[in-house]
Amino acid sequence: MEASFWHQKWGKNEIAFHESKANPQLVEHFDRLSLAKGSRVFLPLCGKTLDISWLLSKGYRVAGAELSKIAIEQLFSELGIKPKRSTLGQMELYHAENLDIFVGDIFHLSSQMLGSVDAVYDRAALVALPEEMRKRYTEHLIEITKISPQLLICYEYDQNLMDGPPFSISNEEVFKHYRDHYDLNLIASNDVIGGLKGKCPAKENVWLIQRR
């Protein structure tokens, strides 16, 4: 998936993938990570998700990575926060109290730049990437977060019926990417009401991925 695809989506405000409230699966299952308040949660490919506001409101610190500067400028505007900006390598850092967003290609984000994280919440990253990029992404995520536990949300459907994103991620693929480092537990699997994008039947799967 070329970067230009996502820049075009944000530039044209074609962001149907942006949810108008905190993700219900996050709200229901985040406690399964057993994080203390003040823990730092990393959201890869975060956009301007309201999940960030929800996590902040619950007393967590948040780090995110996002390709689109438009998305992050809108995020801080909607939060009513004026960030401090700095350059780290090929990334631009937007910083505010308890909130760090790295703008640029996530593959340019290193563990040193990111700093320590206590957990990963991946609702929009793995499902956004085509198959040929997902192995590289998961290996990079494991590296920069130093095998932090994850709450992963993904979809499973007949990829022949609809083009991604979001792409279909089978249970077998989740195991393929993460089983060498983690114990994996499918904690919820629900039918997508009305079908995915109203086009095809799909399951929304929620994974608790914990370091061995």
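That block above? That's the structure.
A brief structural summary. These numbers were taken from a predicted model, which means no experiment stands behind them.

1. Looking at the overall build of the protein
Inference 1: Looking only at helices and strands, the protein features seven helices and nine strands.
Inference 2: Over its C-alpha atoms the protein spans a radius of gyration of 16 Å, differing by no more than 12% from the 17 Å that the globule rule assigns to 212 residues.
Inference 3: For the C-alpha atoms alone, the extent of the protein along its principal axes is close to 45 × 40 × 30 Å.
Inference 4: Within the protein, the fraction of its 212 residues that count as buried is 50%.

2. Overview of helix H6 (residues 131-145)
Inference 1: Helix length check: H6 (15 residues) gives 22 Å between terminal C-alpha atoms against 21 Å at 1.5 Å per residue, within 8%.
Inference 2: Every buried residue of H6 is listed here: Met 133, Arg 134, Tyr 137, Thr 138, His 140, Leu 141, Ile 142, Ile 144 and Thr 145.
Inference 3: Just downstream of H6, Lys 146 is the residue with a positive phi angle, here 55 degrees.

3. What about the environment of Pro 201?
Inference 1: Here Pro 201 shows up in the loop between strand S8 (182-191) and strand S9 (203-211).
Inference 2: With a relative accessible area of 65%, Pro 201 lands in the exposed category.
Inference 3: Linking Pro 201 and Tyr 157, residues 44 residues apart in sequence, is a C-alpha distance of 6.5 Å.
Inference 4: Sequence-distant contacts of Pro 201, that is, excluding residues within four places in its chain, are made with Tyr 157 and Gly 195.

4. Focus on the environment of Asp 163
Inference 1: In this structure, Asp 163 sits in the loop between strand S7 (150-156) and helix H7 (171-178).
Inference 2: Linking Asp 163 and Pro 130, residues 33 residues apart in sequence, is a C-alpha distance of 10.0 Å.

5. Looking at the nonpolar core
Inference 1: Among the nonpolar cores identified, the biggest contains 37 residues, and Phe 42, Leu 109, Leu 114, Tyr 137, Val 174 and Tyr 178 are the most heavily contacted of them.
Inference 2: Of all the elements in the fold, those that place two or more residues in this core are strand S2 (61-66), strand S4 (91-96), H6, S7, H7, S8 and S9.
Inference 3: Of all the elements, H6 adds the most residues to this core, at five residues.
Inference 4: Not counting residues within four places of it along the chain, the set of residues in contact with Leu 109 comprises Phe 42, Ala 65, Met 91, Phe 102, Leu 114, His 140 and Ile 144.
Inference 5: Within the second largest apolar cluster, 29 residues are counted, among which are Leu 26, Leu 35, Leu 75 and Ile 101.

6. Describing the pattern of salt bridges
Inference 1: Tallied over the full model, the rule gives nine salt bridges.
Inference 2: Linking Arg 40 and Asp 100 is a salt bridge whose minimum nitrogen-to-oxygen distance equals 3.2 Å. Remark: Asp 100 occurs in strand S5 (residues 99-103) and Arg 40 occurs in strand S1 (residues 40-44); sequence separation between them is 60 residues.
Inference 3: Residue classification places Arg 40 among the buried residues on the basis of a relative accessible area of 7%.
Inference 4: Two residues, Glu 173 and Arg 134, come together in a salt bridge whose shortest N-O distance is 2.6 Å. Residue Glu 173 is found in helix H7, and its partner Arg 134 is found in helix H6; the two are separated by 39 residues along the sequence.
Inference 5: Judged by relative accessible area, Glu 173 falls into the buried class, the value being 9%.
Inference 6: Its relative accessible area of 4% is what places Arg 134 among the buried residues.

7. Observations regarding the packing of aromatic side chains
Inference 1: Overall, the coordinates contain five aromatic pairs when judged by the stated rule.
Inference 2: Here Phe 30 and Trp 54 contribute two aromatic rings whose centre-to-centre distance is 6.1 Å and whose plane-to-plane angle is 85 degrees, an arrangement assigned as edge-to-face. Of this pair, Phe 30 sits in the loop between helix H2 (24-29) and S1 while Trp 54 sits in helix H3 (residues 51-57); the two residues are 24 residues apart in sequence, bridging distant segments of the chain.
Inference 3: Take Phe 30: its relative accessible area is 1%, and that puts it in the buried class.

8. A short note on the sheet that holds strand S3 (residues 84-88)
Inference 1: Taken in spatial order, the nine strands of this open sheet run S3-S4-S5-S2-S1-S6-S7-S9-S8, and their pairing is mixed. Every interior strand has two partners, whereas the edge strands, S3 and S8, have only one. This sheet shows a mean twist of 20 degrees between the axes of neighbouring strands, independent of strand direction.
Inference 2: Pairing analysis gives five bridges linking S2 to S5, with the strands arranged parallel. Each bridged residue has a counterpart across the sheet, and for Glu 66 the counterpart in S5 is Val 103.

Scoring rules and cut-offs
Residues numbered from 1 in each chain as written. Predicted model: local features only at pLDDT ≥ 70, side-chain atom pairs only at ≥ 80, totals over all residues. Heavy atoms only, no water. Helix = DSSP H or I, 4+ residues; strand = E, 2+ residues; numbered from the N terminus. Rg over C-alpha atoms; globule rule 2.2 N^0.38 Å. Buried < 20%, exposed > 50% of the residue type's maximum accessible area, 1.4 Å probe, protein only. Expected span 1.5 Å × (residues − 1). Contact = heavy atoms within 4.5 Å. Core = buried A, V, L, I, M, F, W, Y, C linked by side-chain atoms within 4.5 Å. Salt bridge = Lys/Arg side-chain N within 4 Å of Asp/Glu carboxyl O. Phe/Tyr/Trp six-rings, centres within 6.5 Å; stacked < 30°, edge-to-face > 60°. Pairing = 2+ DSSP bridges. Axes fitted to C-alpha atoms, helices over the stretch in contact; angles between N-to-C directions.

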